[in-house]
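Descriptive analysis of the structure
Each chain is listed here by its residues.
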Amino acid sequence: MNAFDPGKFEEEAQERWTHAFESNPSKLEKCYLTVAYPYPSGAMHVGHGRTYIVPDVIARFWRMRGKQVLYPMAFHVTGAPVIGISKRIAKNDPQTIHLYRDLYKVPQNVLEEFTDPLTIVRHFASEYQRVMTACGISIDWRRKFTTVDPTYSKFIEWQWKHLFEAGHVIKGAHPVRYCTVDDNPVGDHDLLEGDNAEVIKFTLVMFQHGDAFIPTATLRPETIYGVTNLWVNPNVTYVRALVDGSAWIISQEAAEKLALQDHTVEVQEEIAGQDLIDKSVSHPLCGKVPILPADFVDPDMASGLVMSVPAHAPFDYIALRDLQRAGKYTQIKPVPLIKVEGYGEIPAQDAVDKAGITHQMDSRMDALTQEIYSAEFSKGKLFDRYGGKPVRVARDDIAALMIGKFASEIMYEFDTRPVVCRCGNRVKVKILHDQWFLKYSDPAWKKQVSDHLGDMALVPPEVRLEFDRTVDWLKDWACTRRVGLGTRFPWDTTQLIEPLSDSTIYMAYYTIAHIIRDIDPRLLTPEVFDYIFLGKESIELPEKKKLEAMRKEFLYWYPYNFRFSAKDLISNHLTFQLFHHVTIFPKDKLPKGMVVFGMGLLNGAKMSSSKGNVFLLEDAVSDFGADTVRMFLMGSAEPWQDFDWRNELVISTRKQIERLFNTVLESKDADGEPHDIDRWLISRLQSHIERTTEALTNFQTRQALQEAYFGIESDLKWYRRRLAENSDGSRELHTLCSVWIRLLAPFIPFTGEHLWKELAGEGLVSFAPWPVANKKLINTRIELAEELISRTVEDIESIRKLIQMTPKSITISLAPVWKHEIFLLIAKSNDRNTVIKEIMKDDAMRKRGREATDAAKQCTTLIHRLPPHVVEPLVREQINEKAVFEAAKIFLEKEFGVPVHITDAESSEHAKAATALPFKPAIIIE
Ligand SMILES: [Zn+2]
């Protein structure tokens, strides 16, 4: 007995696939697909599964369509995260141990060796390969490499030489996100929280307080003229510190931050916030103002003290108003300084009153602040007594004046907080000197990327906007780190190239990875790579034969056709790689397309390894079978949509595959003579082939499965129902099974291989020819006839349910010819509203009077209800309803177990017969 046994199918196929997907240049047209390689620091979960299975389905599809397909994989082991992990394991950190031992199921003896970071990545790289293979991902593993291989480092050095020569690598002082515990700049991937935070440049306004300065940070230095007071948090302990030799009063946090931003800071003593309240400060541009208490002042924001401009800042306005309502500080009045169209004399008051905001905690306060900020910046003008300049000009002028004359300094701070490193430490802004940057801010470089983006295929198309925005917004990128694994920076070997900067053109390296590994890395000079990738000849190149082979591989495979990745990589990796490609490669070797994925949810919540909300891919495969996992992931959403993994839904996918398996085994040996219903089945099959092909060409895995699985399954159900008694179907079923298995093979390749063998298909189904629709087999007349019968059967069923009686007979009463004429006129008409008037101009119709107008209205409603794939052919192809029902009489009598009569409505006595319409006969149950 041939039972449904996914485990067995997996074993069988794995054996046959061992070297099947190793791909070499050939005479065929190539299709090169790549996906962002994984950072193997933990076990794969089902979210990762989708990332690699989508490209696999597409790879398998194009392979069957006769292309030479390359789908390679490598491992990104550059960077610091794994070093942090190994340190935490060495320290026996309970959370890390729990994650690796209990969630990732790392055996104790292996875990003990995780104190070496390279062991971690090696372990998980081999786990990734094993699990990917178990999932049936058709990778050419000969081309595998890791980013710490010495030959890869030589490749990266070559890449950077070109970047440097193009002027894209610069050295300078820049503010960066920095973790003081790791003593390293922090990339997006190193963050637990705050990956959206941007570094903002504030001006510190220096208020004199006795012999010390109290600095307050602002983005709006021009509002100094409207300062009425400072805000200090009475519950915070501030410090007096010598900053570059002069005394400042700031928060403890600010003292630490300033020390990271090119200041010498020496804390002298603590000062209670309470002790500053009601003291006064002064500034040459606003005179003497008092210090007022405010709980909302955050010591972790910039200097930890703020200046108050109630006329133009809603927060300040409300805070002051609250104090004054309690009877305090009533002598202070807002001091306006900016005129702005659309607002009254005191814009903050105006906006707060209009919005009906009554307290500081109102959630609309941030939006309101932003609104006034934008309005004043774009349209505001300072009062004449403050110089009369537009705000956008005055802002920079006054900042320059303060820095030049009034001791102001710049301070960098995040726009949102907290920003937390993976190690748990608060990330701060540090000014790095002698830091190397990739100059992504360069407008000429940006333009090259924008121009090329315009030539690329982007899926789904709406991500184009996000790419454009990223290119536009991208700033210089700190591209080296002091700690981590990776390639040494050629111009300062104490530094390493950071992970997002050594993973931008490795898609080209795949084309040569299986050959270059046999060459001594010391021979791999820049000239060698210049030859392989750019065709530049030079004297005395080593290993010429291997170099020729690599050049040939590169020329054949490159550029890649599509790169697949999650959408959160648009703002870095996916865009960075374009910057690097346009610099290194000639135009005909630039990337052709990208497919961007949605995110994965587990039972409705975002998947996250660090929060433990993941389902491991390997567990999924062993619980449900690889094909079930694949089909579920491909069928539950299109690749760019978010998907939600729910075990109960996955179980039903497994049942679907089992049904397919049983159906194919039952049907493949049928040998009856074909009838009309077989022609119907094969006719429908052609459209399923066409639509599945179109969907996969457009990366719509869900749509493709709807057609290839559910469409065909529901046809087969109807087909079986329509077969004569004692018939197992015709030999056309064999044809259908052969097509069906091939259409589904990219999704469920294991079951596919097994069934293909059962069908005596030639070779592997993975390389079998993709079905092609044969238009000659499409029979509209038969499809319409079956549509008519199935709709009538549905109508009879629903009437039977409604009348709740045991029927003795069923009469199907067919519409007269004149109703068919009306139906046709309406269906053909472009304007279905005026067509009734046209119809009534006809003498014969006018004579029918009310009967004709009613029929026209009913036909209009019916045509609206029928799907276009029914109405459209009905216009072209008249069907003889009488003949159709006569031929189906035996079937209908078998279905309903009573005699079925077919009559013309006009010769019927029954009142209901008058309701008969084309394609919707009247049904009389007695
Ligand atoms: Zn850290």
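Residues numbered from 1 in each chain as written. Predicted model: local features only at pLDDT ≥ 70, side-chain atom pairs only at ≥ 80, totals over all residues. Heavy atoms only, no water.

Thoughts on the overall build of the protein
Short version of the rule: Counting from the N terminus, the helices are DSSP H or I runs at least four residues long and the strands are E runs at least two residues long. Relative accessibility thresholds used throughout: buried, under 20% of the residue-type maximum; exposed, over 50%; partly exposed, between the two (1.4 Å probe, protein chains only). Should any heavy atoms of two residues lie within 4.5 Å, those residues are considered in contact. Shrake-Rupley sampling with a 1.4 Å probe provides the accessible areas, and residues are treated as covered by the protein chains on show and by no other component. Charged residues are defined narrowly, with Lys and Arg counted positive, Asp and Glu counted negative, and His plus the chain ends left uncounted. To locate a charge, take NZ of a lysine, CZ of an arginine, CG of an aspartate or CD of a glutamate.
When you go through the protein residue by residue, the secondary structure sums to 35 helices and 32 strands. The buried share of the protein, reckoned over its 926 residues, is 55%. Pairs at least 24 residues apart make up 77% of the contacts formed inside the protein by residues separated by at least 6 positions. When the accessible area of the protein is evaluated, it comes to approximately 40,400 Å², of which 51% is carbon and sulfur surface. Measuring between centres, the 113 positive side-chain charges of the protein sit 3 Å from its 127 negative side-chain charges.

Concerning the pairing of strand β7 (residues 212-218)
Selection criterion: Paired strands are those between which DSSP finds at least two bridges.
A large share of β7 lies buried, amounting to seven of its seven residues. Judged by which residues are buried, β7 turns out to be covered on both faces: Ala-212, Ile-214, Thr-216 and Thr-218 on one side and Phe-213, Pro-215 and Ala-217 on the other are all buried. Linking strand β6 (residues 199-209) back to β7 in an antiparallel pair, the connection comprises two residues, with Gly-210 at a positive phi of about 60 degrees.

Describing the sheet that holds strand β27 (residues 600-602)
Strand order across the open sheet formed by three strands is β28-β27-β29, with mixed pairing between neighbours. Two strands lie at the open edges of the sheet, namely β28 (605-606) and β29 (643-645), each paired on one side alone. Pairing analysis gives three bridges linking β27 to β29, with the strands arranged parallel. By the bridge assignment, Leu-601 is partnered in β29 with Asp-644.

Here's the deal with the packing of helix α10 (residues 314-325) against helix α11 (residues 347-355)
Basically, it comes down to this: As a rule, the C-alpha atoms of each element are fitted with a line to give its axis, helices using only the stretch in contact, and angles between N-to-C directions run from 0 to 180 degrees. An angle below 35 degrees is treated as roughly parallel, one above 145 as roughly antiparallel, one from 65 to 115 as roughly perpendicular, and anything else as oblique. Classes in brief: Ala, Val, Leu, Ile, Met, Phe, Trp, Tyr, Cys and Pro nonpolar; Asp, Glu, Lys and Arg charged; the others, Gly included, polar.
Orientation of α10 relative to α11, taken along the N-to-C sense of each, is 80 degrees, at an axis distance of 9 Å. The orientation of α10 with respect to α11, classified from their angle, is roughly perpendicular. Taken together, the residues of α11 that come into contact with α10 (itself represented by Pro-314, Tyr-317, Ile-318 and Arg-321) are Ala-348, Gln-349, Val-352 and Asp-353. The class makeup of the residues in the contact of α10 with α11 is five nonpolar, one polar and two charged.

A short note on the pattern of salt bridges
Test applied: Salt bridge, as used here: a side-chain nitrogen of Lys or Arg that lies within 4 Å of a carboxyl oxygen of Asp or Glu.
Applying the stated rule across the entire model yields 54 salt bridges. Of the charged contacts in the structure, one is a salt bridge between Glu-537 and Lys-544, with a shortest N-O distance of 3.5 Å. Residue Lys-544 is classed as partly exposed on the basis of its relative accessible area of 33%. Among the salt bridges present, the one from Arg-684 reaches Asp-715, with a minimum N-O distance of 3.0 Å. With Arg-684 in helix α24 (residues 676-697) and Asp-715 in helix α25 (residues 701-722), the pair connects residues that are 31 residues apart, well separated along the chain. One continuous salt-bridge network, built from bridges that share partners, spans Glu-22, Asp-140, Arg-142, Arg-143 and Glu-553.

Examining the packing of helix α22 (residues 626-635) against α25
Across the interface, α22 lies against α25 with an axial gap of 7 Å and an inter-helix angle of 115 degrees. In terms of their interaxial angle, α22 and α25 are classed as roughly perpendicular. In this structure, α22 contributes Met-631, Met-634 and Gly-635 to the contact, and α25 contributes Thr-701, Arg-702, Leu-705 and Tyr-709. Here the residues of the contact of α22 with α25 sort into four nonpolar, two polar and one charged.

Describing the side chain of Thr-78
The condition is simple: What qualifies as a polar contact is a pair of N or O atoms within 3.5 Å, subject to a donor-acceptor requirement within protein and to the restriction that residues adjacent in sequence count only when both atoms come from side chains.
Within the secondary structure, Thr-78 sits in the loop between β2 (68-70) and α3 (81-90). Judged by its relative accessible area of 1%, Thr-78 falls in the buried class. A polar side-chain atom of Thr-78 sits 2.6 Å from a polar atom in the side chain of Asp-502. Thr-78 has contacts with Tyr-39, Thr-147, Leu-485, Gly-486, Ile-497, Glu-498, Pro-499 and Asp-502, leaving out every residue within four places of it along the chain.

Brief notes about the coordination of the zinc ion
Ideal geometry at a metal centre gives angles of 109.5 degrees when four donors are arranged tetrahedrally and 90 or 180 degrees when six donors are arranged octahedrally. Applied cut-off: Nitrogen, oxygen and sulfur within 2.8 Å of a metal are treated as its donors, or within 3.2 Å for sodium, potassium and calcium (Na, K, Ca); water is not counted, so a site can appear incomplete. Donor angles set the geometry label: tetrahedral for four donors if every angle is between 85 and 135 degrees, square planar for four and octahedral for six if opposite donors exceed 155 degrees and the others are between 65 and 115, irregular for anything else.
Those protein atoms acting as donors to the zinc ion are Cys-179 (SG), Asp-182 (OD), Cys-421 (SG) and Cys-423 (SG), and they sit at 2.2 to 2.3 Å. In this structure, the zinc ion is surrounded by four donor atoms whose angles at the metal cover 91 to 126 degrees, and the resulting shape is tetrahedral. Donor residues for the zinc ion, ordered by position in the chain, follow C-x2-D-x238-C-x1-C. Taken as a pair, Cys-179 in strand β3 (residues 169-179) and Cys-421 in strand β18 (residues 420-421) lie far apart in primary sequence, 242 residues in all. The pair formed by Cys-179 and Cys-421 is uniform in burial state, with each residue classed as buried.

Remarks on the environment of Val-875
Structurally, Val-875 is set in helix α33 (residues 868-876). The partly exposed category is assigned to Val-875, whose relative accessible area is 22%. Sequence separation of Val-875 and Leu-825 is 50 residues, and the distance between their C-alpha atoms is 8.8 Å.

A short note on the nonpolar core
What counts here: To define a nonpolar core, start from buried Ala, Val, Leu, Ile, Met, Phe, Trp, Tyr and Cys residues and group those joined through side-chain atoms within 4.5 Å.
Among the nonpolar cores identified, the biggest contains 160 residues, and Tyr-100, Phe-564 and Trp-645 are the most heavily contacted of them. Tallying contributions element by element places helix α2 (residues 46-64) first for this core, with ten residues. Non-local contacts of Tyr-100, meaning those with residues more than four positions away in its chain, are made with Ser-41, Gly-42, Ile-85, Ile-89, Lys-105, Val-106, Leu-111, Phe-114 and Phe-124. By size, the runner-up hydrophobic cluster in this structure holds 67 residues, among which are Val-449, Ile-519, Val-528 and Leu-541.

Things to note about the sheet that holds strand β24 (residues 492-497)
Ordered in space as β22-β24-β23, the three strands form an open sheet in which the pairing is antiparallel. The open sheet terminates on both sides in strands that have one partner only, identified here as β22 (480-481) and β23 (488-489). Note that β23 and β24 share two bridges and pair antiparallel. For Arg-488, the partnering residue across the bridge sits in β24 and is Leu-496.

Looking at helix α7 (residues 150-165)
Our working rule: What a helix should span is 1.5 Å times the count of its residues minus one.
The terminal C-alpha atoms of α7 lie 23 Å apart, and with 16 residues this matches the ideal 22 Å at 1.5 Å per residue to within 8%. Listed as buried for α7 are Thr-151, Tyr-152, Ser-153, Phe-155, Ile-156, Trp-158, Gln-159, Trp-160, His-162 and Leu-163. Immediately downstream of α7, the backbone of Gly-167 shows phi near 80 degrees, a positive value.

Structural notes on the pairing of strand β8 (residues 229-232)
With burial as the criterion, each face of β8 is covered, one bearing Asn-229 and Trp-231 and the other bearing Leu-230 and Val-232. In terms of strand pairing, β8 meets strand β14 (residues 306-308) through three bridges, oriented antiparallel. Paired with Trp-231 across the bridge in β14 is Val-306. Two elements, β8 and strand β13 (residues 287-293), share three bridges in a ladder whose sense is parallel. From the neighbouring strand, Leu-230 faces β13, where its bridge partner is Ile-291.

Focus on the packing of aromatic side chains
For clarity, the threshold we go by: Pairing of aromatic rings covers Phe, Tyr and the six-membered ring of Trp, with a centre-to-centre limit of 6.5 Å; geometry is then stacked below 30 degrees between planes, edge-to-face above 60, and tilted otherwise. For a ring to carry a charge above it, either NZ of a lysine or CZ of an arginine must fall within 6 Å of the ring centroid while also lying within 35 degrees of the normal to the ring plane.
Enumeration according to the criterion identifies 60 aromatic pairs in this entry. Taking the centre distance of 6.4 Å and the plane angle of 65 degrees together, the rings of Tyr-32 and Trp-557 count as edge-to-face. Here Tyr-32 is found in strand β1 (residues 30-35), whereas its partner Trp-557 is found in helix α19 (residues 544-557), with 525 residues between them in sequence. Summarising the burial analysis for this pair, Tyr-32 and Trp-557 share the class buried. Centre to centre, the rings of Phe-75 and Trp-141 are 6.5 Å apart; their planes meet at 15 degrees, and the pair counts as stacked. Linking Phe-75 in the loop between β2 and α3 with Trp-141 in the loop between α6 (117-134) and α7, this pair joins segments that are 66 residues apart in sequence. As far as burial versus exposure is concerned, Phe-75 and Trp-141 are alike and both buried. Directly above the aromatic system of Trp-17 lies the positively charged group of Arg-60, at a separation of 4.6 Å from the ring centroid. Note that Arg-395 overlies the ring of Tyr-373, its terminal NZ or CZ placed 5.0 Å from the centroid.

Looking at α3
Taken together, the buried positions of α3 are occupied by Pro-81, Val-82, Ile-83, Ile-85, Ser-86 and Ile-89. Of the surrounding elements, those touching the buried residues of α3 are α4 (94-103), α5 (108-112) and α6. Backbone geometry just after α3 places Asn-92 at a positive phi near 60 degrees.

Shape descriptors only; they carry no functional weight alone.
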